[in-house]
Amino acid sequence: MLKDWPSSEKPREKLLNQGATSLSDAELLAIFLRTGVKGCHVVDLARQLIASFGSIAAIYQASAEEFCQVRGLGKAKFVQLQACLEMSKRFLAEEMRNGQALTSSQASKDFLISQLRNETHEIFAVLFLNNQHQVITFKRLFYGTINASAVYPRVVVEKALQHQSSAVILAHNHPSGIAEASFADKNITEQLTRALALIDIRVLDHMIVAGHQCYSFAEHGLL
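First, a word on scope: everything that follows refers to the structure included in this document. (Residues numbered from 1 in each chain as written. Predicted model: local features only at pLDDT ≥ 70, side-chain atom pairs only at ≥ 80, totals over all residues. Heavy atoms only, no water.)

Describing the pattern of salt bridges
- Throughout the structure, instances matching the rule amount to five salt bridges.
- With its nearest N and O atoms 3.2 Å apart, the salt bridge here joins K14 to E27. With K14 in helix α1 (residues 11-18) and E27 in helix α2 (residues 25-33), this pair connects stretches of sequence that are 13 residues apart. Across the pair, exposure class does not vary: K14 and E27 are buried alike.
- Where R140 meets E119, a salt bridge forms, and the shortest distance between an N and an O atom there is 3.9 Å. Of the two residues, R140 is situated in strand β2 (residues 135-143) and E119 in the loop between α7 (105-116) and β1 (123-129); the sequence distance between them amounts to 21 residues.
- Given a relative accessible area of 28%, R140 falls into the partly exposed group.
- A relative accessible area of 22% places E119 in the partly exposed class. (Salt bridge = Lys/Arg side-chain N within 4 Å of Asp/Glu carboxyl O. Helix = DSSP H or I, 4+ residues; strand = E, 2+ residues; numbered from the N terminus. Buried < 20%, exposed > 50% of the residue type's maximum accessible area, 1.4 Å probe, protein only.)

Dropping the structure here:
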């Protein structure tokens, strides 16, 4: 029984004493689940869930039907999990909006991965920046099928003017998990770069999120 474990090994006490980063994926999930099921304490249940789905990310991506089919889970926990995910996204977005400058490519990657990695369909988004490369806002602009998204330069230009941007970082996700730029990706990047240059707005990068990976056009010399 979990109650018989040493206090230093119980997930809640471990988090309080050593911080959240000291916990494994299973221990973090166990804190969220709170209780196990008959014959299975909560940490073992968490381990079984991760093994069954493949990863924490896969659990987040599971549909309500897939999630609720697992013994010990249900709609209430599914709703709570999705709420946790959305709160984490909004927290990161709020930090970005609070005047944080994107001083490195990695900072941009980390933010975009957090926003787009769990999407199951392709989404094209834009980070709008001021002249000090501080984030004005992050907007999802176009939604596509599983492998394509219709992107209209006119709309991107209108939004850039609306937010009084001096620069932008383009972004979209590859639900396939392949972190490479396609011919279509390169083509739309060229179109947007030309269109935004007409109103003196720089395209600093175009990043493609594929799971935990992020492909940078700038790092590959494509901008």
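Quick look at the sheet that holds β1
- The sheet built from five strands is open, its strands ordered β2-β1-β3-β4-β5 with mixed pairing. Across the chains shown, the open sheet's two edge strands, defined by having one partner strand only, are β2 and β5 (213-216). Averaged over all adjacent pairs, the angle separating strand axes in this sheet is 20°, with direction ignored.
- Across seven bridges, the pairing between β1 and β2 is antiparallel. Among the inter-strand pairings, I123 is bridged to a residue of β2, identified as Y143.
- Packing against the sheet, helix α9 (residues 183-197) makes contact with β1, β3 (167-173) and β4 (202-210), and its axis sits at approximately 155° to β4. (Pairing = 2+ DSSP bridges. Axes fitted to C-alpha atoms, helices over the stretch in contact; angles between N-to-C directions. Contact = heavy atoms within 4.5 Å.)

Topic: the side chain of N130
- Within the fold, N130 resides in the loop between β1 and β2.
- By relative accessible area, which is 19% here, N130 ends up buried.
- Only 2.9 Å separates the side chain of N130 from the backbone nitrogen of Q134, close enough to count as a polar contact. (Polar contact = N/O pair within 3.5 Å; in protein donor to acceptor, adjacent residues only side chain to side chain.)

All quantities given are derived from atomic positions and should not be read as evidence of function.
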